[in-house]
Amino acid sequence: MGLKEDTANGVISLGIGVAVTWLTAGDGDHDTTDLLVAVAISSFLSGFFTSYFAK
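Residue numbers here run from 1 along each chain, matching the order of that chain's written sequence. Per-residue local features of the predicted model are confined to residues with pLDDT of at least 70, and side-chain atom pairs are confined, for both listing and counting, to 80 or more; whole-chain, interface and lining totals are unaffected and use all residues. Water and hydrogen atoms play no part in the side-chain values, which are based on all heavy atoms of the structure.

Colleague: Can you walk me through helix H1 (residues 3-24) in this structure?
Modeller: Working note: α-helix, 3.6 residues per turn, so residues spaced by three or four point in the same direction. Strands here mean DSSP runs of E at least two residues long; helices mean DSSP runs of H or I at least four residues long; both are numbered from the N terminus. The length a helix should cover is 1.5 Å for every residue beyond the first. Between its terminal C-alpha atoms H1 stretches 32 Å, which fits the 32 Å expected from 22 residues at 1.5 Å a residue. Taken together, the buried positions of H1 are Asp6, Gly10, Gly17 and Thr21. Burial along H1 is one-sided: seen end-on, the buried residues are contained in an arc of 35°. Across H1 from its buried face, at more than 90 degrees, point the exposed residues Lys4, Ile12, Ile16, Trp22 and Leu23. Its buried side turned inward, H1 meets helix H2 (32-53). Buried residues are those whose accessible area, probed at 1.4 Å on protein chains only, stays under 20% of the maximum for their type, while exposed residues exceed 50% and partly exposed ones sit between those limits. Here the arc refers to the set of directions running from the helix axis out to each C-beta atom. Every residue pair with non-hydrogen atoms within 4.5 Å of one another is taken to be in contact.

Colleague: What exactly am I supposed to notice about the UniProt feature "transmembrane region" (unreviewed entry) in the protein chain here?
Modeller: Feature annotation in UniProt places "transmembrane region" (unreviewed entry) on residues 7-23 and 35-54, given in this structure's numbering. Here residues 7-23 is 100% helix and 0% strand, with 24 Å between the C-alpha atoms at its ends. Secondary structure across residues 35-54 divides into 95% helix and 0% strand, with the first and last C-alpha atoms of the span separated by 28 Å. UniProt positions are given in the numbering used here, feature names are shortened, and annotations may be inferred rather than shown by experiment.

Colleague: Please clarify how H2 should be interpreted in this entry.
Modeller: Between its first and last C-alpha, H2 extends 31 Å over 22 residues, near the 32 Å set by a 1.5 Å rise per residue. Taken together, the buried positions of H2 are occupied by Leu36, Val39, Ala40, Ser43, Gly47, Phe48 and Ser51. Buried residues in H2, looked at end-on, bunch into an arc of 145°, giving them a common side. Away from its buried face, by an angle of more than 90 degrees, H2 presents the exposed residues Asp34, Ile41 and Phe53. Contact partners of the buried residues in H2: H1.

See the structure below:
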């Protein structure tokens, strides 16, 4: 697996994480935009590094 596949896995993880969070985020005392940005960053890094270190 190369860097392209690791990046693709990160993007797939980002898409799934943001989609699920956006669908389930209720009206709470937080800003949904801030929540989605945090989930996007963490899910991309999680997918990327899981793929990178799984070699």
